[in-house]
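Residues per chain, in single letters:
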Amino acid sequence: MHRLLLLGLALAAALLLTACGSSNPKLIPQDRADSLNSAVDDVASRTDDEDCDGAEEALREARNQVSELPAEVDKALKRNITKWLNHIADEIPKDCKPESTPTPTATATETPTETATPSPTKTPTPSPTDTPTATPSASPTSTPTVEPPDTGGVLPGDDDG
């Protein structure tokens, strides 16, 4: 917006200065008006290029040209041009900066903290305990007892009778 104001002022000055002529000694002579317009155009161009030092130098040149105008030039006209150049001087630092585009601000992104993941502890697998297996042991077998036949008290082989 300031650049538009600066350029608008430059255009207004150009129209004012080109209306000047050599027929009226209170006005700026044409060759000096052209030179002053060129200096002001240089200020605007350098400001647009963000060349602040160059814009200040071009402004000094314009001020020098105003101070070197012939003594016959109307003092009110010189004063108005000087005020206008002072206004431009105030605007150069603002207009010469690059147009601000929103710069993304860094947002704090949470850095993941390494959390120790518990490793599963191995639960000892119970080893199978040997269960005693029954081993066949010799079981007592009944052994027949040999009993002599009942002879009724008579011994065998005794046939007496």
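Residues numbered from 1 in each chain as written. Predicted model: local features only at pLDDT ≥ 70, side-chain atom pairs only at ≥ 80, totals over all residues. Heavy atoms only, no water.

**Student:** Looking at this structure, how should I read the overall build of the protein?
**Tutor:** The helix and strand tally for the protein stands at four helices and zero strands. Sequence-ordered secondary structure for the protein, helices as α and strands as β, is α-α-α-α. When burial is assessed residue by residue, the protein has 22% of its 161 residues classed as buried. Within the protein, residue pairs in contact and separated by at least 24 positions form 67% of the contacts whose partners lie at least 6 positions apart. (Helix = DSSP H or I, 4+ residues; strand = E, 2+ residues; numbered from the N terminus. Buried < 20%, exposed > 50% of the residue type's maximum accessible area, 1.4 Å probe, protein only. Contact = heavy atoms within 4.5 Å.)

**Student:** Whenever I open this one, helix α3 (residues 52–67) confuses me. Can you help?
**Tutor:** Given 3.6 residues per turn, any residue in an α-helix points the same way as the ones three and four places further on. Here α3 spans 23 Å end to end across 16 residues, near enough to the 22 Å set by a 1.5 Å rise per residue. Of all the residues in α3, the buried ones are G54, A55, A58, L59, A62, Q65 and V66. The buried residues of α3 all sit within an arc of 140° when viewed along its axis, so they share a single face. Exposed side of α3, more than 90 degrees from the buried face: D53 and S67 are the residues found there. Lining the buried residues of α3 we find α2 (30–48) and α4 (75–95). (Expected span 1.5 Å × (residues − 1). Arc of directions from axis to C-beta.)

**Student:** Help me understand the confidence of the model for the protein in this model?
**Tutor:** If pLDDT is low for a region, its predicted coordinates should not be looked at in detail. Scored by pLDDT, the protein has a mean of 75; 48% of the residues are at 70 or more. Across the protein, element-level confidence peaks in α3 with a mean pLDDT of 94 and bottoms out in helix α1 (residues 2–18) with 53. (pLDDT = per-residue confidence, 0-100.)

**Student:** I'm lost on the state of the cysteines in this one. Help?
**Tutor:** Tallied over the full model, the rule gives one disulfide. At a sulfur-sulfur separation of 2.3 Å, the disulfide partner of C52 is C96. Across the S-S bond of C52 and C96 the torsion is about -130°, and the bridge reads as left-handed. Residue C52 is found in helix α3, and its partner C96 is found in the segment after α4; the two are separated by 44 residues along the sequence. On the accessibility criterion, C52 (30% relative accessible area) is partly exposed. (Disulfide = S-S within 2.5 Å.)

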